Amino acid sequence: MEPIVISVDDRLANPGDTWSVAAHLDEVGYTLGDHDFSLPQGIDYDVVLTNAGEGILVTGLLRAHVVGTCDRCLGDAEFDVASEVDEYYLFEEPEELGEDEDEADYELVSPDRTIDLSGALLTSLVMETPFVVLCREDCKGLCPVCGANLNEEDCGHAEQIEAEREEERLSSSPFAALAGLDLSGESERGE
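Source: prediction; values computed, not measured.

## Regarding the overall build of the protein chain
Looking only at helices and strands, the protein chain has three helices and nine strands in total. For a compact globule of 191 residues, the expected C-alpha radius of gyration is about 16 Å, and the protein chain comes in at 29 Å, more than 25% above that figure. Viewed in the frame of its principal axes, the protein chain has a C-alpha envelope of about 105 × 45 × 20 Å. For the protein chain, the share of sequence-separated contacts (at least 6 apart) that also reach a separation of at least 24 residues comes to 56%. Roughly 12,900 Å² of accessible area belongs to the protein chain as shown, and the carbon and sulfur atoms make up 48% of that amount. The distance from the centre of the 9 positive side-chain charges to the centre of the 47 negative ones in the protein chain is 12 Å.

What follows is the structure, given as structure tokens:
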């Protein structure tokens, strides 16, 4: 994501001062782990910058329509993101961090009195991106035998796979050895 630089000027000079910023970004996509996502309509954000005395608090909303690849069937998976933006930019590095704080809880206002919103917006987008991306909740995925998309056709391998799984389950049971046990008692008496 390109830097989104906001100047901390007279609009935010005093504690309690606020400034609303809304814009559209023509971002084409982002990557998260092994997934590549496209943003066909870009990103819209609406945030409020507040001088909180020790720094600038940025809160607001981000909206985007996201297109990725379904983890089960490899088709297109589309979803909407409506995420909260929440970032704190301190004017000065704190001397000590509180017990419940760490360095990830804030950024710093740069020496030229600007802040870059791109990190806060990207974090907001990533936090609302699902870990498992599906084209729909009940996606059936691909057939492990022939590779057919099971959402579009029934290739007939489902029954074969289920029978193999049942056979494997029965043979791996600790009681499987008892299946061949002769309980009639005839072989012991020699009859």
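## Structural notes on the pairing of strand S3 (residues 29–32)
Alignment of S3 against strand S4 (residues 35–38), held across four bridges, turns out to be antiparallel. Counted as the bridge partner of Tyr30 is Phe37 from S4. In sequence, S3 turns back onto S4 through a hairpin of two residues, with Gly33 there showing a positive phi of about 60 degrees.

## Looking at the side chain of Glu27
With respect to the helices, strands and loops of the structure, Glu27 is situated in the loop between strand S2 (18–25) and S3. Buried within the structure, Glu27 lacks any salt-bridge partner; its nearest side chain of opposite charge belongs to Arg63, at an N-O separation of 18 Å. Look past the residues within four positions of Glu27 in its chain and what remains in contact with it is Met1, Glu2, Leu39, Gly42 and Ile43.

## Focus on the nonpolar core
Most often, soluble globular proteins keep nonpolar side chains buried together rather than apart. Ranked by size, the top nonpolar core spans 34 residues in total, and within it Leu49, Ile56, Val58, Val66, Ile115, Leu117 and Leu125 carry the most contacts. Filtering out sequence-adjacent residues up to four positions away, Leu49 remains in contact with Ile6, Leu12, Asp17, Thr18, Trp19, Val21, Ile56, Leu57, Val58 and Ile115.

## Details of a negative patch on the surface
A contiguous patch of negative charge, built from Glu152, Glu153, Asp154 and Glu159, is present on the exposed surface. Note on placement: Glu153 falls in the loop between helix H1 (118–127) and helix H2 (157–171). Owing to a relative accessible area of 44%, Glu153 belongs among the partly exposed residues under this scheme.

## Things to note about the environment of Asp26
Structurally, the position occupied by Asp26 is in the loop between S2 and S3. For the pair Asp26 and Gly42, spaced 16 residues apart in sequence, the C-alpha separation works out to 4.6 Å. A distance of 2.9 Å separates a polar atom in the side chain of Asp26 from a polar atom in the side chain of His24.

## A closer look at the packing of aromatic side chains
Each aromatic ring pair is characterised by the separation of its centres together with the angle its planes make. Within this structure, the stated rule accounts for two aromatic pairs. Aromatic side chains Tyr30 and Phe37 sit 5.1 Å apart centroid to centroid with 25 degrees between the ring planes, which places their arrangement in the stacked category. By the burial criterion, Tyr30 is buried, and Phe37 matches it. Look at Phe37 and Phe79: their rings are 6.1 Å apart centre to centre, the planes differ by 80 degrees, and that puts the pair in the edge-to-face class. One end of the pair, Phe37, is in strand S4; the other, Phe79, is in strand S7 (residues 76–90), and 42 residues separate them in sequence.

## Comments concerning the environment of Ser38
The topology assignment puts Ser38 in strand S4. Ser38 sits in the partly exposed class, given a relative accessible area of 31%. Sequence spacing of Ser38 and Gly68 is 30 residues, and the spatial spacing of their C-alpha atoms is 6.5 Å. Ser38 has contacts with Val28, Gly29, His65, Val66 and Val67, leaving out every residue within four places of it along the chain.

## A few points about H1
Restricting attention to buried positions, one finds in H1 the residues Ser118, Ala120, Leu121, Ser124 and Leu125. Taken down its axis, H1 places every buried residue within 165 degrees of arc, on the same side. Each element contacted by the buried residues of H1 is listed here: S2, S3, strand S5 (43–51), strand S6 (55–69), S7 and strand S9 (114–116).

Here is what the cut-offs are and how they apply
Residues numbered from 1 in each chain as written. Predicted model: local features only at pLDDT ≥ 70, side-chain atom pairs only at ≥ 80, totals over all residues. Heavy atoms only, no water. Helix = DSSP H or I, 4+ residues; strand = E, 2+ residues; numbered from the N terminus. Rg over C-alpha atoms; globule rule 2.2 N^0.38 Å. Contact = heavy atoms within 4.5 Å. Areas by Shrake-Rupley, 256 points an atom, 1.4 Å probe, with all protein chains shown as cover. Lys, Arg positive; Asp, Glu negative; His and termini not counted. Charge placed at Lys NZ, Arg CZ, Asp CG, Glu CD. Pairing = 2+ DSSP bridges. Buried < 20%, exposed > 50% of the residue type's maximum accessible area, 1.4 Å probe, protein only. Salt bridge = Lys/Arg side-chain N within 4 Å of Asp/Glu carboxyl O. Core = buried A, V, L, I, M, F, W, Y, C linked by side-chain atoms within 4.5 Å. Patch = residues over 30% accessible without salt bridge, like charges linked within 9 Å, V, L, I, M, F, W, Y side chains within 5 Å. Polar contact = N/O pair within 3.5 Å; in protein donor to acceptor, adjacent residues only side chain to side chain. Phe/Tyr/Trp six-rings, centres within 6.5 Å; stacked < 30°, edge-to-face > 60°. Arc of directions from axis to C-beta.

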